[in-house]
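A closer look at the structure
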Amino acid sequence: MKRLFFILCFLCSWNALAGETTVSNEKPESARLSLFLQSGVSFLGFDDRDKFQEAVDTIYNDLKTEARTEAESLAVSRQDFQKVNLAIPLYAGLQAQLLDNHFLSLGMGFIYDNESIVLTDKSEKTHNYHYTLQAVPLFLEYRLAIPSSIISLSDSELFSVSLRFYWMLPGTEIYSSWGVLKAENSPLNGFGLSLGYLIGSWKGIKIYGDLGFNSITIESNKPYSTIVPIYTKDTETKEDNARWDLGGLQLQIRVSFGVIESKPKQTESK
């Protein structure tokens, strides 16, 4: 938490770094209060997918062993789980401009990633196995518009940097062909940093693109054996409570709609 506090203090002090300040008519957001919708692509850092692949490998080997003839052996086939967990989160929320270039947002979303494979036995009967990552995140975000004297593609302040804090609400869980693993309540599940750019605007509508990284850790009071067979001789590992990561790289698009507009300011230079 100390590192996050220092990061927040650093972001708040960026406006004072510019020796010359230019107030432009075009800012990342002119509304004092906005509604926003957000979506994108997240590459989830779920490394425990290997547990599900190991279970499928074991089931496949057992099916191969049951085959008595070459024809039955050839009938046995399988698919493998994807090596990457790709999700398209959906978010909605409110954004308030507290001071010029300083924004505070509160949002809630839904993350869903279903991974499914099919095994075929010696009788050519198919067996489906799956696991699904599901999360209902609530986030608080501080966003700072970066002065054009620090970074810009024009004379306008089109870049911004944001810091988010995440909490997981009920409904956050992993469910599979073998069971359900629910998340436990936590005072804080993670944080994220991203760099944003104002792609375009039309009247009170603003469209942003963001590239960032999240670190989100979720815990349960039950072991992974609740949702997937654990084929290991290490009983201590088998009884450990499950922890999983839904963070990782993310690309997102946010569309904001101004509800309460602020009065435009004249262009000034110092």
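Residues numbered from 1 in each chain as written. Predicted model: local features only at pLDDT ≥ 70, side-chain atom pairs only at ≥ 80, totals over all residues. Heavy atoms only, no water.

Mean pLDDT over the protein stands at 84; residues scoring 70 or higher make up 79%. Taken as a whole, residues 1–26 scores under 50 in pLDDT and shows 47 contacts with residues more than four places along the chain or in a different chain. (pLDDT = per-residue confidence, 0-100. Contact = heavy atoms within 4.5 Å.)

Glancing now at the nonpolar core. Phe46, Phe52, Ile174, Tyr224, Trp244 and Leu246 are the most contacted members of the largest nonpolar core, which has 34 residues in total. When residues of this core are traced back to their parent elements, those giving at least two are strand 2 (31–44), helix 2 (49–66), strand 5 (102–120), strand 6 (126–135), strand 8 (159–168), strand 12 (205–223) and strand 13 (241–245). Those residues in contact with Phe52 that sit more than four places away from it in its chain are Phe46, Phe81, Tyr131, Ile174, Ser176, Trp178, Ile227 and Val228. Grouped together as the second largest cluster of nonpolar side chains are 5 residues, Tyr142, Leu144, Ile146 and Val161 included. (Core = buried A, V, L, I, M, F, W, Y, C linked by side-chain atoms within 4.5 Å. Buried < 20%, exposed > 50% of the residue type's maximum accessible area, 1.4 Å probe, protein only. Helix = DSSP H or I, 4+ residues; strand = E, 2+ residues; numbered from the N terminus.)

Together, Phe43, Val84, Leu86, Leu211, Phe213, Leu249 and Leu251 line one region of the surface with nonpolar side chains, adding up to about 670 Å² of accessible area. Elements supplying a minimum of two residues to the nonpolar patch: strand 12 and strand 14 (248–261). With respect to the helices, strands and loops of the structure, Phe43 is situated in strand 2. A relative accessible area of 38% means that Phe43 is categorised as partly exposed. (Patch = residues over 30% accessible without salt bridge, like charges linked within 9 Å, V, L, I, M, F, W, Y side chains within 5 Å. Areas by Shrake-Rupley, 256 points an atom, 1.4 Å probe, with all protein chains shown as cover. Salt bridge = Lys/Arg side-chain N within 4 Å of Asp/Glu carboxyl O.)

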